[in-house]
Amino acid sequence: MSDRTVLHVKGRVLVGPDDVRDELWVVGGRISYERPAGARDVRTVEGWALPGLVDAHCHVGLGAHGPVPEDVAEKQALTDREAGTLLIRDAGSPSDTRWTDDREDLPKIIRAGRHIARTRRYIRNFAHEIEPGDLVAYVAQEARRGDGWVKLVGDWIDRGTGDLGACWPRDAVEAAITEAHRLGARVTAHCFAEDSLRDLVEAGIDCIEHATGLTEDTIPLFASRGVAIVPTLVNIALFPQLAADGEAKFPAWSAHMRRLHERRYDTVRAAYDAGIPVFVGTDAGGTLPHGLVAAEVAELVTAGIPPLDALSATAWGARSWLGRPGLDEGAPGDLVVYDEDPRADVRVLAAPRRVVLNGRVTG
């Protein structure tokens, strides 16, 4: 496609869950619902069109041992793109991926800067590892480096107790979240266990990643404060293997991880039923491959979330939550086209017919 090619998408355009139109046009990389006058070089794509999918917990530029070279990060981003993920909230990366902003063929990234963790309480080479007295300063630093988000590590294995434990005292997270909000950034945190959640939510946090430690005591608190969760169920599926690997050294932690895994679907469904906003994230990067967005949507459905709401968690709802447009008049031409209606069966998401990024058909 040349820069002058007009793209005509026709069939069923899912502008919203109940807003279905017959066609749209992409002119100069932007969406229009009016046929362009005098268009000659027109390419037509037919099918069911959705806004470009969102992976709200993804790590471009991160590998199993820390930052990766740019060519590896490029492959990660391209893998996500071909799966239909055109908007990524990068939930912590030690790599500077600003170079991707100049690439119109790569997904758009909303960055949370680098993870901020307690000393020796996270995966080596992933995070800034600091003590509570430095938390406010590091949160301010990453708020300025990111795109409106900051990522904390809220809990991790405590070698003293041999189990998961909260990483930060209440006063430290209160001050840090207040500073992030003053700078216009939202804050999210990695949390597997139960005991860090109340302090983080009452301190004003905006989102919790994984959230496997939600209970009947904390679910109403999340709901009343409007704190979102990104369950990353495709990652939680690894808990039994992690537990087996750590059994000899940390038996209490291993047993805890198994319990969190066993109740994962009940936890997510209870959160949804209580009105907690739930969004799609895969935790790609580190140890998980990229391109798993369709699998995560299917996992949310398995957990009991209605298919249309699971679809919204990677499409219309997710884009609204992140402050990015969908298939709106004048918005960038970022969309995915399928052979069948993904509202009827979310498994359709695993087989995009066409991926369109900035008005260009990719691949």
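Summarised in this report is the structure supplied together with it.

A few points about unusual backbone geometry
Next, step 1: Its identity is not glycine, yet asparagine 125 carries a phi of approximately 75 degrees, on the positive side.
Next, step 2: Following the sequence through the fold, asparagine 125 ends up in the loop between β10 (116-118) and β11 (128-130).

Remarks on helix α8 (residues 251-262)
Since there are 3.6 residues in each turn of an α-helix, residues three or four apart along the chain are aligned in direction.
Next, step 1: Under the 1.5 Å per step criterion, the end-to-end length of α8 is 17 Å for twelve residues, consistent within 8% with the ideal 16 Å.
Next, step 2: Tucked inside the fold, the buried residues of α8 contact β13 (155-158), β14 (163-166), α6 (233-236), α7 (239-246) and α9 (264-273).

Section: the nonpolar core
Next, step 1: Core analysis: the biggest nonpolar cluster contains 79 residues, and Leu50, Leu135, Ile205, Ile208, Phe222 and Leu300 have the highest contact counts within it.
Next, step 2: When residues in this core are grouped by element, the largest group, five residues, is from helix α3 (residues 170-182).
Next, step 3: Among the nonpolar cores identified, the runner-up in size contains 14 residues, and Leu7, Val9, Ile31 and Ala49 belong to it.

Quick word on the sheet that holds strand β9 (residues 108-111)
Next, step 1: Sheet architecture is open: three strands sit in the order β5-β8-β9, paired in parallel fashion. Each edge of the open sheet carries a strand with a single partner, namely β5 (53-58) and β9. Recorded for the sheet is a direction-independent mean angle of 20 degrees between the axes of neighbouring strands.
Next, step 2: Note that strand β8 (residues 85-90) and β9 share four bridges and pair parallel. Directly across from isoleucine 88, in β9, lies its bridge partner isoleucine 109.

Considerations on the sheet that holds strand β18 (residues 335-338)
Next, step 1: Taken in spatial order, the seven strands make up an open sheet running β3-β2-β1-β4-β18-β19-β20, and their pairing is mixed. Two strands in the sheet have a free side with no partner beyond their single neighbour: β3 (30-32) and β20 (360-361).

Observations concerning a positive patch on the surface
Next, step 1: Side chains of Arg120, Arg124, Arg159 and Lys249 sit close together on the surface and give a patch of like positive charge.
Next, step 2: Structurally, the position occupied by arginine 124 is in the loop between β10 and β11.

Observations concerning helix α10 (residues 293-302)
Next, step 1: Listing the buried residues of α10 in full gives Val293, Ala294, Glu296, Val297, Glu299 and Leu300.
Next, step 2: For α10, the secondary structure elements touched by its buried residues are β5, β8, α6, α9 and α11 (307-312).
Next, step 3: Glycine 304 sits one or two residues past α10 and shows a positive phi near 110 degrees.

Things to note about the packing of aromatic side chains
Next, step 1: Counted under the stated rule, the structure contains six aromatic pairs.
Next, step 2: An angle of 70 degrees between the planes, with centres 4.8 Å apart, marks the rings of tyrosine 122 and tryptophan 156 as edge-to-face. Placement of the pair is tyrosine 122 in the loop between β10 and β11 and tryptophan 156 in strand β13, with a sequence separation of 34 residues.
Next, step 3: In this structure tyrosine 122 comes out as buried when scored by relative accessible area, which is 12%.
Next, step 4: Classification of tryptophan 156 as buried rests on a relative accessible area of 18%.
Next, step 5: Ring plane angle 75 degrees and centroid distance 4.8 Å describe the contact between phenylalanine 192 and phenylalanine 239, whose orientation is recorded as edge-to-face. Taken together, the residues span a long stretch of sequence, with phenylalanine 192 in the loop between β15 (186-191) and α4 (197-202) and phenylalanine 239 in helix α7 at a distance of 47 residues.
Next, step 6: Overall, phenylalanine 239 belongs to the buried group, its relative accessible area being 0%.

Conventions we followed
- Residues numbered from 1 in each chain as written.
- Predicted model: local features only at pLDDT ≥ 70, side-chain atom pairs only at ≥ 80, totals over all residues.
- Heavy atoms only, no water.
- Helix = DSSP H or I, 4+ residues; strand = E, 2+ residues; numbered from the N terminus.
- Expected span 1.5 Å × (residues − 1).
- Contact = heavy atoms within 4.5 Å.
- Core = buried A, V, L, I, M, F, W, Y, C linked by side-chain atoms within 4.5 Å.
- Buried < 20%, exposed > 50% of the residue type's maximum accessible area, 1.4 Å probe, protein only.
- Pairing = 2+ DSSP bridges.
- Axes fitted to C-alpha atoms, helices over the stretch in contact; angles between N-to-C directions.
- Patch = residues over 30% accessible without salt bridge, like charges linked within 9 Å, V, L, I, M, F, W, Y side chains within 5 Å.
- Areas by Shrake-Rupley, 256 points an atom, 1.4 Å probe, with all protein chains shown as cover.
- Salt bridge = Lys/Arg side-chain N within 4 Å of Asp/Glu carboxyl O.
- Lys, Arg positive; Asp, Glu negative; His and termini not counted.
- Charge placed at Lys NZ, Arg CZ, Asp CG, Glu CD.
- Phe/Tyr/Trp six-rings, centres within 6.5 Å; stacked < 30°, edge-to-face > 60°.

On their own, these measurements won't tell you what the molecule is for.
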